[in-house]
Amino acid sequence: MTLTVLSTISAVEARPENCSVRLDSSLAVQVVDLISMERYGSALRLADSLITNGNPGLQGWFLRASILSGRSTDFEDELDDDALTEACDSVTAICSRLIDEGDHSAVVRFYLGAVDGYLSFREFKRDNRLKAISYGRRMARWLGEAVSLDSSCYDAYLGLGSFYYHSSDKAGLLRSLGLVSDRREEGLSLIRICAEHGTFSRQAARSNLAWIAISRKEYDTAIRIAGQLLEEYPEGRSFLWCLGRAQMEAGRWSDAVDTYRRILSSVRSESRNNRYNEIGCLHALARAHAGLGDWAAVVRLADEALGIQLTRVVAERKANDIKRLKKLREEGLKRTAGR
């Protein structure tokens with residue numbers, strides 16, 4: 001594989017057709033495959049090789065940020081937070097310098113928007129809504145510029161479309177009153193374009209379409225998309241989570257049990273496990289067994305979940321699941337009393 005040499009980037013006035021800062025498409029696909037298979041160590045070694053080979057490392061830092069964002073989302077912890085901040089800051093510093101030196105390329109704006117998207121998502125998970133919104137707006141601004149400069153920068157369509165869709169969707173009453181524009185269909189259209197034509201963001205766009213379908217109660221669509229992704233990545237936890245949620249919402253209890261058992265086994269096979277995802281799986285399994293009327297299994301699963309020792313942070317984050325598990329357990333005990 002031939003990797004782009006970035007050592008002369010400061011002397012280049014990049015244009016949309018200039019390949020000096022473009023993400024190598026073969027490299028992008030390889031990294032996406034590794035992330036989807038949860039082979040984060042291999043992906044990071046590939047990214048880091050681009051930083052340590054004497055290059056300014058724009059591609060390497062961007063890939064590193066993408067991998068760390070995916071890994072922290074997968075494991076639902078904060079172990080990668082400092083490294084993610086460093087990678088995002090490095091991308092921002094290099095891209096800002098390029099723009100100051102006269103860069104007019106779409107891809108540099110895409111990099112800037114993408115890392116702002118990673119930071120926005122992290123702040124939402126931390127419940128820092130104002131910071132998350134600020135990063136999200138900046139993301140949309142950079143990605144909008146990218147698309148304006150080069151309409152074939154399809155990877156930028158995911159973040160831009162997601163911003164349009166979710167900001168409109170969450171506007172609620174303000175949208176109904178006409179005070180906020182309804183850009184949901186426009187956002188969906190952009191995500192679909194990325195899902196069809198994107199390179200680095202294609203799989204994420206497909207996954208996003210499945211999650212949006214769940215929110216719109218289009219469960220068959222979500223199950224179909226998640227199933228297609230799992231045909232490509234049979235053990236991909238992110239796609240299994242999506243499939244399981246769609247099955248639960250559709251009331252396909254037996255299917256959901258099978259899916260969440262697969263997730264639980266996968267989560268427990270990892271040495272990096274703060275028990276957050278275990279609680280989520282056990283809660284889903286308890287709900288599914290309740291749907292099947294198997295209340296003995298509900299009690300067993302609830303007892304298993306409630307017996308897990310959690311850190312204060314994880315206990316606080318899973319407080320609602322724990323409360324629901326206690327209620328399911330009480331209901332299960334009533335239903336099985338006297339048997």
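All figures in this text were calculated on a predicted structure; none of them were measured in a lab.

Student: When you look at the packing of aromatic side chains in this model, what are you seeing that I'm missing?
Tutor: Given two aromatic rings, one states the distance between the centres and the angle between the planes to describe the pair. On inspection of all chains with the given rule, the structure shows 8 aromatic pairs. Through pairs of rings, three or more aromatic residues link up here, namely Phe62, Phe110, Tyr111 and Phe200. Residue placement shows Arg183 over the ring face of Tyr164; its charged tip is 3.7 Å from the ring centre. Over the ring of Tyr276 we find Lys318; its NZ or CZ atom is 4.3 Å from the centre of that ring.

Student: What am I meant to see in the pattern of salt bridges here?
Tutor: In the structure shown here, the tally under the stated rule is 32 salt bridges. Linking Arg184 and Asp169 is a salt bridge whose minimum nitrogen-to-oxygen distance equals 3.6 Å. Here Arg184 is found in helix α9 (residues 184-197), whereas its partner Asp169 is found in helix α7 (residues 156-169), with 15 residues between them in sequence. Taking the relative accessible area as the measure of exposure, Asp169 reaches 29% and is therefore partly exposed. Notably, a salt bridge pairs Glu331 with Arg335, separated by 2.7 Å at the nearest N-O pair. Note that Glu331 and Arg335 are positioned in helix α17 (residues 319-336) at a spacing of 4 residues, about one turn of the helix. For Arg335, a relative accessible area of 46% corresponds to the partly exposed category. What you see here is one network of salt bridges that share partners, running through Glu38, Asp74, Arg237 and Glu270.

Student: How should I be thinking about the environment of Arg237 in this particular structure?
Tutor: Following the sequence through the fold, Arg237 ends up in helix α12 (residues 237-249). With relative accessibility at 2%, the residue Arg237 sits in the buried group. C-alpha of Arg237 to C-alpha of Ile263: the two residues are 26 residues apart in sequence and 6.4 Å apart in space. With residues up to four places along the chain from it excluded, the contact list for Arg237 reads Glu38, Asp74, Phe75, Ser266, Val267 and Glu270. In this structure the side chain of Arg237 is engaged in a polar contact, spanning 2.7 Å, whose partner is the side chain of Asp74.

Student: Can you walk me through helix α5 (residues 106-125) in this structure?
Tutor: The α-helix winds at 3.6 residues per turn, so residues separated by three or four positions along the chain end up facing the same way. An ideal rise of 1.5 Å per residue puts 28 Å on 20 residues; α5 measures up with 29 Å between its terminal C-alpha atoms. Extensive coverage of α5 is indicated by the burial of 17 of its 20 residues. Residue Ser105 occupies the N-cap position of α5, its side-chain oxygen lying 3.5 Å from the main-chain nitrogen of Val108. Just past α5, the residue Asp127 takes up positive phi, approximately 70 degrees.

Calculation notes
Residues numbered from 1 in each chain as written. Predicted model: local features only at pLDDT ≥ 70, side-chain atom pairs only at ≥ 80, totals over all residues. Heavy atoms only, no water. Phe/Tyr/Trp six-rings, centres within 6.5 Å; stacked < 30°, edge-to-face > 60°. Lys NZ or Arg CZ within 6 Å of the ring centre and 35° of its normal. Salt bridge = Lys/Arg side-chain N within 4 Å of Asp/Glu carboxyl O. Helix = DSSP H or I, 4+ residues; strand = E, 2+ residues; numbered from the N terminus. Buried < 20%, exposed > 50% of the residue type's maximum accessible area, 1.4 Å probe, protein only. Contact = heavy atoms within 4.5 Å. Polar contact = N/O pair within 3.5 Å; in protein donor to acceptor, adjacent residues only side chain to side chain. Expected span 1.5 Å × (residues − 1).

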